[in-house]
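This is what each chain is made of:
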There are 2 protein chains.
Amino acid sequence: MTKSPWTEHPTRTLRWRPGDRLDAVDPRATPGYHGGKRAGKRLLAEHGAELSDLQERLFAHGRTGGVRNVLLVLQGMDTSGKGGIVRHVVGMVDPQGVRCRGFGRPTPEEQARGYLWRIRNALPDAGLLGVFDRSHYEQVLVVRVDALEPPATWQAHYDEINDFEAEIADAGTAIVKVVLAISPEEQLERLVSRLDRPDKHWKYDPSDLRAREQWDEYQAAYQDMLDRTSTDVAPWYVVPADRKWFSRLAVGELLRHELRGLDLGWPAADFDVQRQRRLLTGR
Amino acid sequence: MTKSPWTEHPTRTLRWRPGDRLDAVDPRATPGYHGGKRAGKRLLAEHGAELSDLQERLFAHGRTGGVRNVLLVLQGMDTSGKGGIVRHVVGMVDPQGVRCRGFGRPTPEEQARGYLWRIRNALPDAGLLGVFDRSHYEQVLVVRVDALEPPATWQAHYDEINDFEAEIADAGTAIVKVVLAISPEEQLERLVSRLDRPDKHWKYDPSDLRAREQWDEYQAAYQDMLDRTSTDVAPWYVVPADRKWFSRLAVGELLRHELRGLDLGWPAADFDVQRQRRLLTGR
């Protein structure tokens, strides 16, 4: 048993609490963690096996009548590393048990049905780990910053979202909500490096610059979102994301903790094991 | 550059050809491959990086207006290793670009809408790698063997399926269809080992024994399926599956070959890179 490099677990250090200020979060920090980058990467890989085992239990549970599932909601400014979390953390478990969904600008059909329609449609079935790359929270982020709805409309979404999440939590969904907090300086580096690499040009969208110019408005929108929608059933975690290895390690830990919390054993056989053995082997 | 352990590539050795007999396939064989198990596992891992790169190109292509996608169809008797292919081969690429779907017994709603409805619904979007664990082919396998439809009905499905696949191939889907060929002896071992391990009981279904008792009927149904639905746009590959490492290596190769065949470069920037750099950096 190696000594844990965590002095305090991310479920505590990163959890949003009333009175917290987003502008007080240092995106380069590694709260509660005193190992380095190499140890962090190794730790994530080590925990991958347990994450994979826990996810398989969840899947098995879903296949035998269980209703639990897990939803990981990822929010953050462009280049904050949402895709990297999917690839490097979620990528450690069996893809059979994973449903990833990215939410871009809604289509006219989606628009017409209300913002929660496509969200509800994309919820993971029982036994699955669902991952939202952006989510219903865009409705109080880009929609607010770009004034796509009048204030009274988007302001009503906070309560609607809380009600929605309480409802799905009640139905069996464990919700893990993560904001990846990146600094504008780090974002600049990542955007420039996308421009430097032709194999990354497809990830670059000139309109991303607009959101970058609205940085302060977005920070204000995130602050209000965190204040208004971090609930007991679906708390927010703010994960410093200037160091990719730390954000991945931290989200891996949050997921592992959530899956462990479901306390799922392997489903018991609903058949007579000895009898089946006799039927199979003739002995 | 290491010398290839393939004397002949699986796209040639495993491809179903008119006149082929399923009962002539040796499930323990490793056609065209002269490396051992360890080398095979290493090779799969090595090719994982390329598979991952190719899949990302496909994804990038889909995000920039491209219509191509890939559909891997997995068929095979119980315990033939379909799930292992998903975990160990598909699991090597970014889950963001993957849609896995398993097809069990249809629900009454699905039943009412015709067998291709749920299949069409589950087709991967542009840029994605879709994986079907069982598929529309159950309609000429279990449906035939268990006489769930009169012969004239299920016999009509061969042509319907060919038309359906020609249609989606035309629309941009590269289809890779795989039958995992396992021997009854190996299946027995795998079923018994599921009974031996409480963490595998959830995978065991007493009704699997029924399909095992119908082995010859299933082989006949597979033979006809292969004869009737292996087309130029959507050929079948029969992969010997008694050695899991070989079937995984072979399916990895088939996927790699298919993705390479799409010949996708990185999408070109649709913006002025220098201008964006100036806007970003002020220089």
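The model shown is predicted, which means the values in this text are computed figures rather than measured ones. (Residues numbered from 1 in each chain as written. Chains lettered and ligands numbered in written order. Predicted model: local features only at pLDDT ≥ 70, side-chain atom pairs only at ≥ 80, totals over all residues. Heavy atoms only, no water.)

S.K.: Is there a simple way to explain the overall build of chain A in this structure?
M.R.: Tallying secondary structure elements over chain A gives 12 helices and five strands in all. Over its C-alpha atoms chain A spans a radius of gyration of 20 Å, differing by no more than 12% from the 19 Å that the globule rule assigns to 283 residues. The dimensions of chain A, computed from C-alpha atoms along their principal axes, are 75 × 45 × 45 Å. Buried positions account for 53% of the 283 residues belonging to chain A. Within chain A, contacts between residues at least 6 apart in sequence are counted, and of these 81% link residues at least 24 apart. About 13100 Å² of surface is accessible on chain A, with carbon and sulfur atoms providing 47% of the total. The average position of the 41 basic charges and that of the 42 acidic charges among the side chains of chain A differ by 7 Å. (Helix = DSSP H or I, 4+ residues; strand = E, 2+ residues; numbered from the N terminus. Rg over C-alpha atoms; globule rule 2.2 N^0.38 Å. Buried < 20%, exposed > 50% of the residue type's maximum accessible area, 1.4 Å probe, protein only. Contact = heavy atoms within 4.5 Å. Areas by Shrake-Rupley, 256 points an atom, 1.4 Å probe, with all protein chains shown as cover. Lys, Arg positive; Asp, Glu negative; His and termini not counted. Charge placed at Lys NZ, Arg CZ, Asp CG, Glu CD.)

S.K.: Which parts of the structure should I look at to understand the interface of chain A and chain B?
M.R.: When the parts come together, some accessible area is lost, and that loss is often what is quoted as the size of the interface. In this assembly, 43 residues from chain A lie in contact with 42 residues from chain B. Summing both sides of the interface, chain A and chain B together bury roughly 3800 Å²; the carbon and sulfur share of this comes to 65%. Counting every contact that joins chain A to chain B gives six salt bridges. A salt bridge links R87 of chain B to E56 of chain A, with the nearest nitrogen and oxygen atoms 3.3 Å apart. Put simply, chain A and chain B have 12 residue pairs in polar contact (both at pLDDT 80 or more) between them. Mapped by element, the contributors of at least two residues to the side of chain A that touches chain B are α2 (37-63), α3 (82-88), β2 (98-102), α8 (184-196), α9 (208-213) and α12 (273-281) of chain A. Along the lines of polarity and charge, the residues of the side of chain A that touches chain B split into 22 nonpolar, nine polar and 12 charged. (Buried area = accessible area lost by both parts, 1.4 Å probe. Salt bridge = Lys/Arg side-chain N within 4 Å of Asp/Glu carboxyl O. Polar contact = N/O pair within 3.5 Å; in protein donor to acceptor, adjacent residues only side chain to side chain. Nonpolar A, V, L, I, M, F, W, Y, C, P; charged D, E, K, R; others polar.)

S.K.: How should the packing of helix α2 (residues 37-63) of chain B against helix α11 (residues 244-262) of chain B be read in this particular structure?
M.R.: For any two helices packed against each other, one specifies the inter-axial angle together with the distance between the axes. Residues and elements named next belong to chain B. In contact at an axis separation of 9 Å, α2 and α11 are set at 30 degrees when each is read in the N-to-C sense. The angle between α2 and α11 places the two elements in the roughly parallel class. Once α2 is placed against α11, the crossing between them reads as left-handed. For the pair formed by α2 and α11, the contact residues are K37, G40, K41, L43, L44, H47, E50, L51, L54, Q55 and L58 on the first element and W245, R248, L249, G252, E253, L255, R256, L259, R260 and L262 on the second. (Axes fitted to C-alpha atoms, helices over the stretch in contact; angles between N-to-C directions. Parallel < 35°, antiparallel > 145°, perpendicular 65-115°, else oblique. Left-handed = near helix turned anticlockwise from the far one by under 90°.)

S.K.: Would you mind showing me how to read the UniProt feature "domain: Polyphosphate kinase-2-related" (unreviewed entry) in chain A here?
M.R.: UniProt records the feature "domain: Polyphosphate kinase-2-related" (unreviewed entry) at residues 38-258 of chain A, using the numbering of this structure. Strand forms 14% of residues 38-258 of chain A and helix 53%; the C-alpha atoms that close the span are 25 Å apart. (UniProt positions renumbered as here; feature names shortened; annotations may be inferred.)

S.K.: Even after reading the chapter, I still don't get the sheet that holds strand β1 (residues 69-76) of chain B, so can you show me in this structure?
M.R.: Residues and elements named next belong to chain B. On the basis of which strands lie adjacent, the open sheet formed by five strands has the order β2-β3-β1-β4-β5 and parallel pairing. In this open sheet, the two edge strands, each paired with only one partner strand, are β2 (98-102) and β5 (236-240). Recorded for the sheet is a direction-independent mean angle of 20 degrees between the axes of neighbouring strands. The pairing of β1 with strand β3 (residues 129-133) spans five bridges and is classified as parallel. (Pairing = 2+ DSSP bridges.)

S.K.: Teacher, can you tell me more about α8 of chain A here?
M.R.: Owing to its 3.6 residues per turn, the α-helix aligns residues three or four sequence positions apart on the same side. Over its 13 residues, α8 of chain A extends 18 Å from the first C-alpha to the last, a length consistent with the 18 Å expected when each residue adds 1.5 Å. Those residues of α8 of chain A that sit buried are E186, Q187, R190, L191, V192, R194 and L195 of chain A. Considering only its buried residues, α8 of chain A is in contact with α9, α10 (215-229) and α11 (244-262) of chain A together with α12 (273-281) of chain B. (Expected span 1.5 Å × (residues − 1).)

S.K.: Mind showing me how you'd approach the sheet that holds strand β4 (residues 173-181) of chain A here?
M.R.: Sheets are built from strands paired through backbone hydrogen bonds, the pairs being either parallel or antiparallel. Residue and element names in this part refer to chain A. Across the sheet, which stays open at both edges, the five strands sit in the order β2-β3-β1-β4-β5 with parallel pairing between neighbours. Looking along the sheet, the strands with just one partner apiece sit at the ends: β2 and β5 (236-240). Taking the axes of each pair of neighbouring strands and ignoring which way they run, one obtains an average angle of 20 degrees across the sheet. Across five bridges, β2 lies against strand β3 (residues 129-133) in parallel orientation. Bridge pairing in β3 places R101 opposite F132. Contacts from helix α7 (residues 151-170) reach β1 (69-76) and β4 within the one sheet, and its direction differs from that of β4 by about 135 degrees.

S.K.: Help me understand the packing of aromatic side chains in this model?
M.R.: Aromatic ring pairs are defined here through the distance separating the ring centres and the angle between the ring planes. Applying the stated criterion to the full structure yields 20 aromatic pairs over all chains. Centre to centre, the rings of W202 of chain A and F59 of chain B are 5.9 Å apart; their planes meet at 80 degrees, and the pair counts as edge-to-face. A residue pair is termed interchain when its members come from two chains, as with W202 of chain A in the loop between α8 and α9 and F59 of chain B in helix α2. A ring pair is formed by F103 of chain B and F132 of chain B, whose centres lie 4.9 Å apart and whose planes are at 80 degrees; its orientation type is edge-to-face. Of this pair, F103 of chain B sits in the loop between β2 and α4 (108-112) while F132 of chain B sits in strand β3; the two residues are 29 residues apart in sequence, bridging distant segments of the chain. There is no split in this pair, since F103 of chain B and F132 of chain B are both buried. Across the ring face of W117 of chain B, the terminal group of R113 of chain B is positioned such that the distance to the ring centre comes to 4.3 Å. (Phe/Tyr/Trp six-rings, centres within 6.5 Å; stacked < 30°, edge-to-face > 60°. Lys NZ or Arg CZ within 6 Å of the ring centre and 35° of its normal.)

S.K.: Explanation requested: the relation of the copies chain A and chain B in the structure shown.
M.R.: Screw-axis analysis of chain A against chain B gives a translation of 0.0 Å along the axis, an RMSD of 0.0 Å, and a rotation angle of 180 degrees. Here the transformation between the copies is reduced to the relation of a two-fold axis. It is P95 of chain A whose C-alpha, among those of chain A, lies nearest the rotation axis, at 3.1 Å. Comparing contact sets, 98% of the residues at the interface of chain A also lie at the interface in chain B, consistent with an isologous, same-surface contact. (Least-squares fit on C-alpha atoms with pLDDT ≥ 70 in both.)

S.K.: Quick question: what am I supposed to make of the environment of E8 of chain A here?
M.R.: Residues and elements named next belong to chain A. Looking at the secondary structure, you find E8 in the segment before α1 (10-13). With relative accessibility at 34%, the residue E8 sits in the partly exposed group. Measuring from C-alpha to C-alpha, the distance between E8 and P31 comes to 7.9 Å, with 23 residues separating the pair along the chain. Among all residues touching E8, those that are not within four sequence positions of it are T13 and G32. A distance of 3.0 Å separates the side chain of E8 from the side chain of R12, its partner in a polar contact.

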